[in-house]
Each structure stands twice: as structure tokens, then as C-alpha cells.
Amino acid sequence: MDGRLQVFAGNSSPRLAQAIVSNLEVPLGRAIVGSWKDGETRVKLEENIRGSDVFVIQTLCRPVNQHLMELLVILDAVRRASAARITAVIPYFAYARQEKKASGREPISAKLVANLLVTAGADRILTLDLHAPAIEGFFDIQVDHLRATPILASHFHRLALPDLVVVSPDAGSVGRAEEFRRRAGGSLAIITKQRPGPEQDEVLEMVGDVEGRHAVIVDDMISSAGTLVRAAEELRARGAASVRAAAIHGVFAGDALRLIQASPIEQVVVTDTLPLPDEGPRDKIEVLTVAPLIAEAIMRIHKDLSISALFT
Ligand code: R5P
């Protein structure tokens, strides 16, 4: 597109934003993104963006609501300052786990957030590994949906663990685990959850052989780490030689880092779509960056080049 490429960021992940603009070799746009004394979000752009192709980077990490509001207010400021096109770059799209009504009288929060982003001024969305891919369809604007599985899989391909088994911790993650296996090698195992009776605890069932193998659990996100730790314990109980994990979004809510530290998991590899929490043990956590991937996607959007070519 003709307009100048300009990039702004909220306060959610300054390190990732800086890494993205460094890869792009453009400066981060000057803006005040802070709060008024009463806690309301305050934004002022400090440079001209009239007619520009503007990208606003904001991941939706904790405090999620504050970071979402910051993003909305920045988008509003950018729209009112006459940008030619506005792309919201959201490395981790929060509120994605309520994308349908599981029972009556529940919200569809993912759709609400989609509506808010468009109302605030987004013309396009650039995001990574949506928890539910159907959320793309909640937008009537263009969504570029990047996948970071190749970054995680390349890491494990380089590790070259013998007798690798890639494990999907639930039925919903099989597609991602299979893509990972194709790129990293090894065999595939799938954990499914069964509830034998209405009053009985869930039991884990497994398809595939893990005995004596080095297991990597592949998931889209780690929040409480409950899913991960339970899967790891099951794998060890079934004779896995070692257990590692790879996930795109390291949310690490509550006691997650401590749970991982105390678990049989040797290593957890995540990307930097969210910053690591300030508190909690990180010895087992390794972070790979998505900054070059996001920067490349921004440049391709700006130059009207293919994004899918990034994943072939
Ligand atoms: C489930 O659908 C997801 O793929 C993750 O397994 C889940 O969201 C992880 O959450 P937690 O870490 O709280 O178990």
C-alpha cells in the first residue's frame, strides 16, 4: 500500500514490540500511553500519521482488561488522526476461550472483543494461533492468522531427541500436534479424557505408544498448567523416558510456574506472544521469539504480499 508504514505499541509487551520494530528497521511511533489519575486510559499520539499504514501492537496479557482498553483507545486515536489503514497486531488474543455458549446465560466474549476492535477502528487484525480458529469468522474485516508451530517444531527438530513421541493433550489439539510431528519427526500419541459415570472423576485414555520414548506435549496455550501437568504425569506413569512440552502462548496464570517446577516435566518451550510473569520459578521455561515472524507478516501486509507463503 502507498502510505508510510508506522508502528505503535501499548504497554503490554514493550520487549516484543521493540523486537518487532527492530526486525522491521523502523522506529516505534512516539505516543503517550498511560493513565489519568482516576485510572482511565490516556493516549496521545506524538507524531503525524495522516495517510499512513499504521500497525498497533498490543498483546492481551495480564492485566488483560487494562491492556484491551489501552488497545481500543489507541485504535480510536489512530482512526481520528486519519490513518489510511489500521491493523491491530494482537500476538495473544485473549477472551478466546468463550467463543460459544457452553450453556445458557453465558456471553460469547470472543465475539464481543471482535466487535469492540472493529468499532474502535481496526481495519485488519494480525494475530497468532487463535484458541479457536472459528474466531476469524467473528470479524468481517481481514484477519491474518499466523501459526507459530513451525518455530516450536524447528527447535525440537534441532534437539534431535531419539524416539520422539509428540503428544496431543486432548482431542482438540490433534491437528497442531500432527503438524508439529510432521516438522519435528517422531510418532504421534493422543490423550483423551473419559468420564466413566456422572459422579466419577475423569480418566485419561491414550492412543499411541509412549513407553521408553521421549515425549513432547504440544498445546496452543498453558494457562493454569493443569492440562499439561496431568498429561505429563500420565505419560510418566505409562513409561515415557522423559517429558517436555511446547506451547505457543505461555499465559502461566496463578500457580502454573510452580506446578510445572514441581512436575516431572523437564522443559517447557513457549513463544514470547506473552511476557513471562514476574513471579515464579522459570528454570524449566525456554522462550522462543515470534518477533521476526510478526515483522515479516507486517512487511508483507504493507507491501500487499502473500502471508500464506510464510508457511509453505
Ligand atoms: C484446551 O482446550 C487448550 O488447548 C489448553 O489445553 C488449555 O486451555 C490449557 O489450560 P490450562 O493450562 O489451564 O489447563
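The rules behind the values
Residues numbered from 1 in each chain as written. Predicted model: local features only at pLDDT ≥ 70, side-chain atom pairs only at ≥ 80, totals over all residues. Heavy atoms only, no water. Helix = DSSP H or I, 4+ residues; strand = E, 2+ residues; numbered from the N terminus. Rg over C-alpha atoms; globule rule 2.2 N^0.38 Å. Buried < 20%, exposed > 50% of the residue type's maximum accessible area, 1.4 Å probe, protein only. Contact = heavy atoms within 4.5 Å. Areas by Shrake-Rupley, 256 points an atom, 1.4 Å probe, with all protein chains shown as cover. Lys, Arg positive; Asp, Glu negative; His and termini not counted. Charge placed at Lys NZ, Arg CZ, Asp CG, Glu CD. Axes fitted to C-alpha atoms, helices over the stretch in contact; angles between N-to-C directions. Parallel < 35°, antiparallel > 145°, perpendicular 65-115°, else oblique. Nonpolar A, V, L, I, M, F, W, Y, C, P; charged D, E, K, R; others polar. Pairing = 2+ DSSP bridges. Domains from an automatic or database assignment. Buried area = accessible area lost by both parts, 1.4 Å probe. Salt bridge = Lys/Arg side-chain N within 4 Å of Asp/Glu carboxyl O. Polar contact = N/O pair within 3.5 Å; in protein donor to acceptor, adjacent residues only side chain to side chain.

Colleague: I'd like to hear about the overall build of the protein chain, residue by residue, with values.
Modeller: Looking only at helices and strands, one finds 8 helices and 14 strands in the protein chain. For 312 residues, the compact-globule estimate of 2.2 N^0.38 gives 20 Å, and the C-alpha radius of gyration of the protein chain, at 20 Å, lies within 12% of that figure. Dimensions of the protein chain along its principal axes, counting C-alpha atoms only, are 60 × 45 × 35 Å. A total of 312 residues make up the protein chain; the buried ones form 50% of that total. Pairs at least 24 apart in sequence give 63% of the contacts found in the protein chain among residues at least 6 apart. Carbon and sulfur atoms provide 48% of the accessible area of the protein chain, an area that totals close to 14500 Å². Averaging the coordinates of the 35 positive side-chain charges in the protein chain and doing the same for the 39 negative ones gives two points 3 Å apart.

Colleague: Run through unusual backbone geometry, naming residues and quoting values.
Modeller: A cis amide bond links Arg62 to the next residue, Pro63, at an omega of -10°. We note that Ala160 has phi near 50°; this positive angle belongs to a residue other than glycine. Its place among the elements puts Ala160 in the loop between α4 (149–159) and β8 (164–168). For Ala160, a relative accessible area of 56% puts it in the exposed group. Its identity as a non-glycine residue notwithstanding, Phe252 has a phi of 45°, on the positive side. Checked against the element boundaries, Phe252 lands in the loop between β12 (242–250) and α7 (256–261).

Colleague: So what about the packing of helix α2 (residues 64–80) against helix α3 (residues 109–120)? Which residues, and what values?
Modeller: Interhelical geometry of α2 versus α3 gives an angle of 25° and a closest axis separation of 8 Å. For the element pair α2 / α3, the angle class is roughly parallel. From α2, Leu68, Leu71, Leu72, Leu75, Asp76 and Arg79 reach across to α3, where they touch Val113, Leu116, Leu117, Thr119 and Ala120. Each residue belonging to the contact of α2 with α3 can be placed in one class, and the counts come to 8 nonpolar, 1 polar and 2 charged.

Colleague: An account of the sheet that holds strand β13 (residues 267–271) is requested, with residue identities and associated values reported.
Modeller: Read across the sheet, 7 strands follow the order β10-β9-β8-β11-β12-β13-β14 without closing on themselves; strand pairing throughout is mixed. If you trace the sheet from one side to the other, it starts and ends with β10 (203–207) and β14 (285–288), each paired once. When the angles between neighbouring strand axes are averaged without regard to direction, this sheet yields 25°. Direction of pairing for β8 relative to strand β9 (residues 187–194): parallel, over a ladder of 4 bridges.

Colleague: Please set out the environment of Val64 residue by residue, giving values where relevant.
Modeller: Residue position: Val64 is located in helix α2. Sequence separation of Val64 and Ser103 is 39 residues, and the distance between their C-alpha atoms is 24 Å.

Colleague: Just give me the short version of the side chain of Asp53, but keep the residues and values in it.
Modeller: Here Asp53 lies in strand β4 (residues 53–57). Owing to a relative accessible area of 0%, Asp53 belongs among the buried residues under this scheme. In this view, Asp53 contacts Met1, Gly3, Arg4, Leu5, Gln6, Arg85 and His302; residues no more than four positions away in its chain are not counted.

Colleague: Before we move on, could you go through α4 and cite the residues and values that matter?
Modeller: Side chains of residues three or four places apart in an α-helix project in the same direction, reflecting 3.6 residues per turn. Taken together, the buried positions of α4 are occupied by Thr149, Pro150, Leu152, Ala153, His155 and Phe156. Buried residues along α4 sit in contact with α5 (174–184), β11 (214–222), β12, β13 and β14. Just beyond α4, the residue with positive phi is Ala160, at close to 50°.

Colleague: Explain the domain arrangement of the protein chain to me, using residue names and the numbers behind them.
Modeller: When the parts of a complex come together, some accessible area is lost, and that lost area is often taken as the interface size. Partitioning the protein chain into structural domains gives domain 1 (5–148 + 291–311) and domain 2 (149–288). Measuring from the centre of the C-alpha atoms in domain 1 to the corresponding centre in domain 2 gives 28 Å. With 18 residues of domain 1 at the interface, the matching set in domain 2 holds 20 residues. Across the interface of domain 1 and domain 2, roughly 1400 Å² is buried in total on both sides, 56% from carbon and sulfur atoms. The largest contributions to the domain 1 side of the interface with domain 2 come from Arg62, Tyr92 and Ala148, which together make up 40% of the buried area. Here domain 1 is connected to domain 2 by 1 salt bridge. A salt bridge links Asp129 to Arg176; its shortest N-O distance comes to 3.4 Å. Where domain 1 packs against domain 2, one counts 9 residue pairs in polar contact (both at pLDDT 80 or more). A per-class count over the side of domain 1 that touches domain 2 returns 10 nonpolar, 4 polar and 4 charged.

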